[in-house]
Number of protein chains: 2
Amino acid sequence: MASSHFSKGPLTKFRNAASCDWRKMKIFLEGKENVDFGDRIAKCLENDPVFAREWKTTTVEEARVLVHKRWSKLIEYDFVGLSKGVLPDVAKLDYFLRTLEPYDAGLTTYCMMGSIVPSTIISLQGSKKHQPLVEALLQSKIIGSLCLTELSHGSNTKAFQTTAIFDNGELVFNTPHPEAMKCWSANLGSTATHSIIFAQLIVNGSSHGVHTFVVQVRDLKTLEPLPGITIGSVGEIVGAWNGVGTGWMMFRNYKTGLEALLDRNCSLTKDGVYKSKFKNPAQQHGAALSALAFSRIGVLGKGGQACEFAATIAIRYSFVRRQFGPTDDEEIPVIEYPLQKHRLFPILANAFVIALFHRKFSKIFAEHAMRTASGERSQELAELGKDIHVLSVSCKAVTTWMGVKALSEARLACGGHGYLKSSRLNDYRNDLDPMCTYEGDNHLIIQQAAFYLLGQAKQKSASSPLNLTSALKKPVEPLKTLSGDIIQDASNAHKWLIQHLIKETGLFLKNEMNLGKSAFEARNNAQVAYIQPLSVAFAEFTMFEWAYDISLKAPEDLKRVLVKLCKIYILANLEKHIPVLYMGNYCTGPDLGKAIQEELSKAESDLTPEAISLCDVIAPSDFLLHSSLGSSDGRVYERLFNECQKTANSRPTWWADLVTVLNKSKL
Amino acid sequence: MASSHFSKGPLTKFRNAASCDWRKMKIFLEGKENVDFGDRIAKCLENDPVFAREWKTTTVEEARVLVHKRWSKLIEYDFVGLSKGVLPDVAKLDYFLRTLEPYDAGLTTYCMMGSIVPSTIISLQGSKKHQPLVEALLQSKIIGSLCLTELSHGSNTKAFQTTAIFDNGELVFNTPHPEAMKCWSANLGSTATHSIIFAQLIVNGSSHGVHTFVVQVRDLKTLEPLPGITIGSVGEIVGAWNGVGTGWMMFRNYKTGLEALLDRNCSLTKDGVYKSKFKNPAQQHGAALSALAFSRIGVLGKGGQACEFAATIAIRYSFVRRQFGPTDDEEIPVIEYPLQKHRLFPILANAFVIALFHRKFSKIFAEHAMRTASGERSQELAELGKDIHVLSVSCKAVTTWMGVKALSEARLACGGHGYLKSSRLNDYRNDLDPMCTYEGDNHLIIQQAAFYLLGQAKQKSASSPLNLTSALKKPVEPLKTLSGDIIQDASNAHKWLIQHLIKETGLFLKNEMNLGKSAFEARNNAQVAYIQPLSVAFAEFTMFEWAYDISLKAPEDLKRVLVKLCKIYILANLEKHIPVLYMGNYCTGPDLGKAIQEELSKAESDLTPEAISLCDVIAPSDFLLHSSLGSSDGRVYERLFNECQKTANSRPTWWADLVTVLNKSKL
Ligand SMILES: Cc1cc2nc3c(=O)[nH]c(=O)nc-3n(C[C@H](O)[C@H](O)[C@H](O)COP(=O)(O)OP(=O)(O)OC[C@H]3O[C@@H](n4cnc5c(N)ncnc54)[C@H](O)[C@@H]3O)c2cc1C
Ligand SMILES: Cc1cc2nc3c(=O)[nH]c(=O)nc-3n(C[C@H](O)[C@H](O)[C@H](O)COP(=O)(O)OP(=O)(O)OC[C@H]3O[C@@H](n4cnc5c(N)ncnc54)[C@H](O)[C@@H]3O)c2cc1C
C-alpha cells in the first residue's frame, strides 16, 4: 500500500507491493500512544542542534562530553516525567529508551544507569529512609552507578570480596586486595556521585554474605572522589560504551552511616545486631540479585532491536543494490537471490517475534512489580516471579545472541559498503555486542531454564502461572507422517525436542552421579549436549508460542503477514535442532528435514513483496537510524556519492615528507 | 615441557603440562628459517620507538600518519629485500606479512597494495615496457593502488563502467556517471601515485570488454591529482583499514599513452588495431582477473591467523580466569568447563589445520607461478592452475568465515574483560572482518567449488593434479556400523556427504530446468540447500585431508598432538552437516550423531594439558599480539590493574558544568 509518509525513491515501488498498511501494523505492534510518543521524541531530537551528528568516531573524551551535553538536554525535555521524582510507567520508559537506542546506545545507558536502575534497586531493596535518594536520582540531582563486578569476579557474585564491616555504629568499606577492585561500572568512571555497592557484610567478625549498599562516592560541589575512595576509568572499551564513563573504584577505610545498607530484607542496629528476614544466606543472596531482573527484560528487548536495525539496513539496501542478472544487460536486486533472502528474512522474522513477545512480557512484568510494591505476598505471586525470572534469563540470552548474529550477517550482506562507518552496521554491532555478557553472561544464565524444566518435569502437578510448561503437557509421539500444516509439524517437533531433551538430560545426570561424579561435575559435563540446547529450545519455542498466539488474533490483513513471519521464525530456528530430532528417532529419512528446508525457502520467497513495508514498521526514523545504506528513501548512491565528494582532492597533510621518502628511495 | 623462553607466571604450570616441545612444533609447522626471520622482525619492531603504541583508537588522520611513518621505516629495514627491485620469494614475503598482521593490519595492507600487489599484476599482465614500473613500485619510488570496484559494481566485474577509449593514438579515460566512480581502493585515497585500473576498452566505437591498465594518478612532486582526475577518501571505514587511505576516483577525459594498457594478452596499435590472444571476451576477462589469485591465497592465510589470535588470547585468559568451583572456597579456571573447551578448542584446531594446509598450498602456488613466468604452457599446468583457483576461492571463504567467527566467540569467552580495547579482540575482529568480502565475497566465490565438482563428476576420467576429487574416487555406502576409529568414520561420512550433495545438486538442477527455469534461475534456487553446503564440505574436507596427511608424517611426539587437533577439526566441522547425513539416509538412530558428540567432547578434554603450549606455537610475540588478556606470562590482573591506575582520580573536564546541571535540577 502506498504511503505519503516516505520520500519517493528506488524503494517506492517495492513499498507499494505490500498487502497491508505499515502504520496499521506498527500500531498493532506497539500501540498508538507509544508510536506517537516515539515520533515526538524523534522529531524533537532531529530538530535540536545539540543532537546533530556525523559519521565520525569520536575520542573517548569527546564521546563523554557529548553524552553529558545531550543528557543535560534530555533532563530539560523531561520526556518521561522523571522530574516528578517517582518511578515512571514501565511502558513509557521502555519506549523512551527504545527510541534513544539507535541514536546513541551510550546515552541510553547513561540515562538508565545514572538514574532509573539505581533508583529501582533502592526502591525494591531499601526502606523508607532511602526514599529521598530515589527522588534525587530520578530528578538528576545526583547521579548513580552500579558496582557488582570486581576485577577477578563477575558471574560468581557470591565471591565478591569488597567488605562492609560494622564498626562502632558505622560501616567501613574496604577493597582487601587489587583483584577485589570494583570495575566495569557504567557512569562511575566519569560522573557518578553515588553508587550501589555489592559487598560482604561483616558484623562482629562473622560474615553474612553479599548485601546491597548505597553510598556517596563523589563530592557534589567539586566532583572529586570522597576521602577513602579512589575512582578511575577502566580505559577505552568498545563503541558507544566509551561515552558512558565505565569506571573502577577502590575503598580504603571508607566510613558511612548504617543507612548505607539497603535493609528491606534485613536489619542492622547501632549495637551491631544483624537480622535477616530469610532463613538462609542463599535466599538473602537471591533477593539481592532479583532486583536486576528489571533491566534484564530491557536487554532482552535490545536483542530484538538489534534484529530490527540489521533487517532494516540490509533489506532496504538489498532491494536497491543490483548485481548480476539473467542477461549481461539486466541486473536484479540482490534480494532476488534465494541465498540473500535466506540470510536476511529470518532476521526480520526474529525481530517481529521478539517484539510481540517482549511487549506482552513487559506488561506482565510491570503488573508483577506493582503487586509486589503494593505489599502483596501470595504463593501465586511468588510462582509468577519465578516464571518471570526463568523467562527473562533464557530469552535474554537467546534474543541477544540473535541480535548480534543479525548485525554481523547484515554487514556481510551489504558487501563492501557494509564496512563504511556511514552504514552504521559496525557501530551497531560494537555497541550492542556486550549485551551477550552484561546482565549475566548468556552461556551461564541460560542454563537456569534447563534446571527449571527438570524441576517442573519431576513434579506431578507442576504449576506455572505463565504456562511455561505447555510443551510438557502431552507426550508427543515420534513423527509418523507430516500433517501438511508445516507450522503444526514444526510445533510438534519442537515440543518433542523439549520433552526428549528433558528426559535425556535427566538420564545423563543420573548416569554421571552413578559413576561417582559430584553434582557440580555432572552438571558441567551436561552443558554442551543437554543443558544448553534444552534451554535454547525452550526459550525459542516459548517466544514463538506467545507471538503466534497474538498473531492469530490480529485483524485479518495483518494476521496473514504475521503468520508468515512466525512460520519463518519457527522453521529457521528449528533447523539447528534437526540433528537431535533424527538422533532421538523422532523421524527418519528425508521427509521432515526436506519439508523444513523447502517450506522455509517458500516462505522466504512469499515474504518478498511485504519486506520493505515490514522494514518500515520496525525501522527507527531516518534521523535516528542514521545509515547511508538503510534510509527509507533508498537513495543509497546519491548519499554515498555526496559523502565522498566532501573529500575531493584533499592532499595528505604529510605530502612533503612522503615526496622526500619517494625521492630517497630513488638513490 | 618447561621452557625458559617465557616469563614465569600463572601460566607456567599449564605450559609445563604439555607432552611436546612448543618450539619443535613451531619449527615443524613453519620452518626454522621462517621462524627465525619472524623473530628478527618482531625484535626489530619492539625495539624501535617508531613502532611503540598504546591501547587507544586513533583518528583517521592519526592512523594514516602513523602508517606513513612506519612504512617509511620499513623501507629502511628492507626486510624482504624489495630494494633490489625484483619480486621477492613468496614464502619470505608471506612470513613478513604474517608477522606484521597482528601489529597493524592497516600497515600490512598498505605495504601489499602499495607495492607487491600492483607490481605482481603488472608482471603477470604487462609486457617488457612495463618492467620499470614493477621496479619502481617494489623500490617504493612510486606507490600503487588497485581500482576494480565502482560505486554500483563490485562482484559483477564484467559490468564495470569506467571507459578507456582509443582516440588518435591515445587512451582517454572517463567515468560516464557517478555510479561508475571507482571506490574502495586501498592507498588511493591518501597517497597512491599510480593505479591499476579495470575499465572497458573501446576502440573505434566497439567495446572489447574489461581490460587492465596502469596509469599515474598523482603528481610525484606535489602529490596533487593529475588534471582530469578527481580523488578522495571513501570516508571513515572500519578499524585499521582507516590507516590505509581507502579512496575513490573519477576520470574526466584523462589522457594517457597506449602503454597504459597491460598487453600481455592483447595488442593495440597506434592506428587503432586491436587484437586479443583469446578466442572470446570471456577468456580475456578471466585472464584479467586471474592475476588476483595470488593475494587471495594470502587472505586464506589471514583467516587462519584470525583463529590463531582468537585462540591464543581466549585460551590463555581462560586458564588464568577462575570462576565458580566444586565448593564455595575453591574456584577453577574457566577452561575446566567442558562448555568453554567446546567453544575454544575447535578454534585452536582450525588454526593448526589451516596453517598446515596453507603452507603446503602456498608452496604449490609459488611453483605454479614460477613455471608460468618461465613461459611454460602445458595442459598439466593449465589443469593445476584450475585446481589452484578452485581451492583458493573455496578455502578462502571457509577460513575467513572460521576466523571471524573465532574472534567473536573469543571475545564472548573472555566475559566482560573481552570488551576492553586492551584485550584487542574487538580490534582484531574489526580489522579482519572485511576479509569475508574483499578478494571476492565469500558467498559468491565459494559457489565455484560446487560447479567444479559437478563438472568433474560428469567426466569419466576427470584429472586433478592436486587430487581434489579424492572424495569421489570410491562410492561410499551408507553407514552400517561404526568402525571404532572415529577419524575414519568421520572421513567416510564426509566423503559420502560430498558424493551425495553432488548427486542431489545435479538432480535438483535438472529438475528445475525440466520445470522450464533458466540456468540462471535454477542455479540461484540451488544456492542455499545444495551449492553452498557442497562447496563448504569440499573445502573443509580437503583442508583436513592435507593437514592430516602431514600430521601422520610428523615425528612421533608431534604427531600425537597434531592428530588430536585434526580429530577435533573434523568432528567439529562435521557436526553442522549431520542433518544431511540423516536426511540422506547415510545413517539412522543415535549412533553416528552421538559418537561425533561424545568423541569430540573426549578429544577436547584430552587436549587440555597441551593447550597452553599449543598457543605458544601459534602466538605472535607479546609485543605484536599486544593483548592485556593474552600475554604469554598470564599476568592478566597485574596488567589490568596497572592500566587502570593510570586514570586514578582524574576529574571529568566538564565537572563544573555538571555541578551546575545538578544544582539546576534541584530547583
Ligand atoms: C559494556 C559492559 C558494561 C557493564 N556494566 C556493568 C555495570 O554497570 N556494573 C557492574 O557491576 N558490572 C558491569 N559489567 C560487568 C558484567 O556484568 C560482567 O562482565 C558479566 O557479568 C560477566 O562476568 P565476567 O566478566 O566475570 O565473566 P566470567 O564469569 O569471568 O566469564 C568468562 C568466561 O567463562 C565462562 N564461564 C564462567 N563460569 C562458567 C561455568 N560455570 N560454566 C561454563 N562457563 C563458564 C563464561 O561463559 C565466559 O565465557 C559490564 C560489562 C560490560 C561488558
Ligand atoms: C576493507 C575493504 C578493502 C577493499 N579494497 C579494495 C581495493 O583495494 N580495490 C578494489 O577495487 N576493491 C576493494 N574493495 C571492494 C571489494 O572488492 C568489494 O566490496 C567486494 O568485491 C564485494 O563486492 P560488492 O561490494 O559489490 O558486493 P555485492 O556484489 O554488491 O554484494 C552485496 C550482497 O549481495 C550478495 N550477492 C551478490 N550477488 C549475488 C548472487 N548472484 N547470488 C547471491 N547473492 C549475491 C552478496 O553475497 C552480498 O551479500 C575493498 C572492500 C573492503 C571492504
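From a predicted model like this one, the values you see are computed outputs, not experimental measurements.

Our next topic: the overall build of chain A. Across its full length, chain A carries 23 helices and 11 strands. Against the compact-globule benchmark of 26 Å for 667 residues, chain A has a radius of gyration of 27 Å, which places it among compact chains. When the backbone C-alpha atoms are referred to their principal axes, chain A occupies close to 85 × 75 × 60 Å. Relative to its 667 residues, chain A shows a buried fraction of 61%. If you take every contact in chain A between residues at least 6 apart in sequence, the share linking residues at least 24 apart comes to 74%. Treating the 75 positive side-chain charges of chain A as one cloud and the 68 negative ones as another, the clouds have centres 3 Å apart.

The two chain copies are related to each other by a rotation about an axis together with a translation along it. If you rotate chain B by 180° and push it 0.0 Å along the axis, it lands on chain A with an RMSD of 0.1 Å. The relationship between the two copies is best expressed as a two-fold rotation axis. The C-alpha atom lying nearest the rotation axis in chain B is that of B:P579; the distance is 2.7 Å. The share of interface residues of chain B whose copies in chain A are also at the interface is 100%, consistent with both copies meeting through the same surface.

Our focus in this paragraph is the site of ligand 2. In the neighbourhood of ligand 2, 30 residues make up the surrounding shell, with A:R321, B:L148, B:T149, B:S155 and B:W184 lying closest. The environment of ligand 2 is shared, with nearby residues belonging to chains A and B. Here an oxygen atom of ligand 2 sits 2.9 Å away from a polar atom, N or O, in the side chain of A:R343. Here an oxygen atom of ligand 2 and a side-chain polar atom of B:S155 are 2.5 Å apart.

Turning to the site of ligand 1, a few remarks are in order. Around ligand 1 there are 30 residues in total, and A:T149, A:S155, A:W184, A:D441 and B:R321 lie nearest to it. Here a nitrogen atom of ligand 1 and a backbone polar atom of A:L146 are 2.9 Å apart. In the environment of ligand 1, an oxygen atom lies 3.2 Å from a nitrogen or oxygen atom belonging to the side chain of B:Q340. Protein contact buries 95% of the 980 Å² of open area that ligand 1 shows by itself. Mapped onto the shell around ligand 1, the elements with two or more residues apiece are β1 (146-147), β4 (182-185) and α13 (442-445) of chain A together with α10 (338-373) and α11 (379-413) of chain B. Of the residues in the shell around ligand 1, the class split is 16 nonpolar, 11 polar and 3 charged.

This paragraph deals with the interface of chain B and chain A. Every contact between the two is made by 124 residues of chain B and, on the other side, 124 residues of chain A. Roughly 10500 Å² of surface becomes buried between chain B and chain A when both sides are summed, with 61% attributable to carbon and sulfur atoms. By the criterion of area lost to chain A, the three top residues of chain B are B:Y419, B:M583 and B:W654, representing 7% of everything that side buries. At the junction of chain B and chain A, the tally comes to 8 salt bridges. The salt bridge partner of A:K594 is B:E504, with a shortest N-O separation of 3.0 Å. Counting the contacts that link chain B with chain A gives 56 residue pairs in polar contact (both at pLDDT 80 or more). Per-element tally for the side of chain B that touches chain A: the top contributor is helix α23 (residues 655-665) of chain B, with 9 residues. When the residues that make up the side of chain B that touches chain A are grouped by side-chain class, the tally is 55 nonpolar, 44 polar and 25 charged.

For the rest of this paragraph, the subject is the environment of B:H68. Of note, B:H68 is situated in helix α4 (residues 60-77). For B:H68, a relative accessible area of 3% translates into the label buried. Distance from B:H68 to B:V244, taken between C-alpha atoms, is 9.1 Å for residues 176 residues apart in sequence. Among residues more than four places away in sequence, those in contact with B:H68 are A:W654, A:D657, A:L658 and A:V661. A distance of 2.7 Å separates the side chain of B:H68 from the side chain of A:D657, its partner in a polar contact.

The sites that UniProt annotates as "domain: Acyl-CoA oxidase C-terminal" (unreviewed entry) are residues 490-659 of chain A. The straight-line gap between the two end C-alpha atoms of residues 490-659 of chain A is 67 Å; of that span, 75% is helix and 0% is strand.

Time to look at the nonpolar core. Ranked by internal contacts, the top residues of the largest apolar core, which has 390 residues, are A:I315, A:L348, A:F352, B:I315, B:L348 and B:F352. Residues contacting A:I315, with those up to four places away along its chain left out, are A:A310, A:L344, A:F345, A:L348, A:A611, A:I612 and A:C615.

As a further point, take the packing of helix α9 (residues 293-320) of chain B against helix α20 (residues 611-618) of chain B. All names here are of chain B. Packing of α9 against α20 leaves a shortest axis separation of 9 Å and a crossing angle of 145°. Our pair here, α9 against α20, has a crossing hand that is left-handed. When α9 is examined against α20, the residues E308, A311, T312, I315, R316 and F319 are found in contact with a partner set consisting of A611, I612, C615, D616 and I618. Within the contact of α9 with α20, the residues separate by chemical class into 7 nonpolar, 1 polar and 3 charged.

Domains assigned within chain A are domain 1 (144-274) and domain 2 (445-460 + 488-610). Of note, the centres of domain 1 of chain A and domain 2 of chain A, computed from C-alpha atoms alone, are 41 Å apart.

Once that is clear, we can look at the confidence of the model for chain A. With 99% of its residues at a pLDDT of at least 70, chain A reaches an overall mean of 95. Reported for the predicted complex are a pTM of 0.98 and an ipTM of 0.97.

Moving on, we get to the environment of A:H417. Within the element layout of this structure, A:H417 appears in the loop between α11 (379-413) and α12 (425-432). Note on A:H417: relative accessible area 4%, which makes it buried. Leaving out residues up to four positions away in the same chain, A:H417 has contacts with A:Y317, A:R321, A:S423, A:L629, A:L640, B:L151, B:C183 and B:W184. A distance of 2.9 Å separates a polar side-chain atom of A:H417 from the backbone oxygen of B:L151. In this structure the side chain of A:H417 is engaged in a polar contact, spanning 3.0 Å, whose partner is the side chain of B:W184.

Below, the discussion takes up the sheet that holds strand β7 (residues 229-233) of chain B. All names here are of chain B. One open sheet accounts for 3 strands, arranged β4-β8-β7; its pairing is antiparallel. In this open sheet, the two edge strands, each paired with only one partner strand, are β4 (182-185) and β7. Ignoring strand direction, the axes of neighbouring strands in this sheet form an average angle of 20°. For β4 and strand β8 (residues 247-251), the ladder comprises 2 bridges, and the chain directions are antiparallel. Bridge assignment links S185 to a residue of β8, and that residue is G247.

Here is what the cut-offs are and how they apply
Residues numbered from 1 in each chain as written. Chains lettered and ligands numbered in written order. Predicted model: local features only at pLDDT ≥ 70, side-chain atom pairs only at ≥ 80, totals over all residues. Heavy atoms only, no water. Helix = DSSP H or I, 4+ residues; strand = E, 2+ residues; numbered from the N terminus. Rg over C-alpha atoms; globule rule 2.2 N^0.38 Å. Buried < 20%, exposed > 50% of the residue type's maximum accessible area, 1.4 Å probe, protein only. Contact = heavy atoms within 4.5 Å. Lys, Arg positive; Asp, Glu negative; His and termini not counted. Charge placed at Lys NZ, Arg CZ, Asp CG, Glu CD. Least-squares fit on C-alpha atoms with pLDDT ≥ 70 in both. Near = heavy atom within 4 Å. Polar contact = N/O pair within 3.5 Å; in protein donor to acceptor, adjacent residues only side chain to side chain. Areas by Shrake-Rupley, 256 points an atom, 1.4 Å probe, with all protein chains shown as cover. Nonpolar A, V, L, I, M, F, W, Y, C, P; charged D, E, K, R; others polar. Buried area = accessible area lost by both parts, 1.4 Å probe. Salt bridge = Lys/Arg side-chain N within 4 Å of Asp/Glu carboxyl O. UniProt positions renumbered as here; feature names shortened; annotations may be inferred. Core = buried A, V, L, I, M, F, W, Y, C linked by side-chain atoms within 4.5 Å. Axes fitted to C-alpha atoms, helices over the stretch in contact; angles between N-to-C directions. Left-handed = near helix turned anticlockwise from the far one by under 90°. Domains from an automatic or database assignment. pLDDT = per-residue confidence, 0-100. Pairing = 2+ DSSP bridges.

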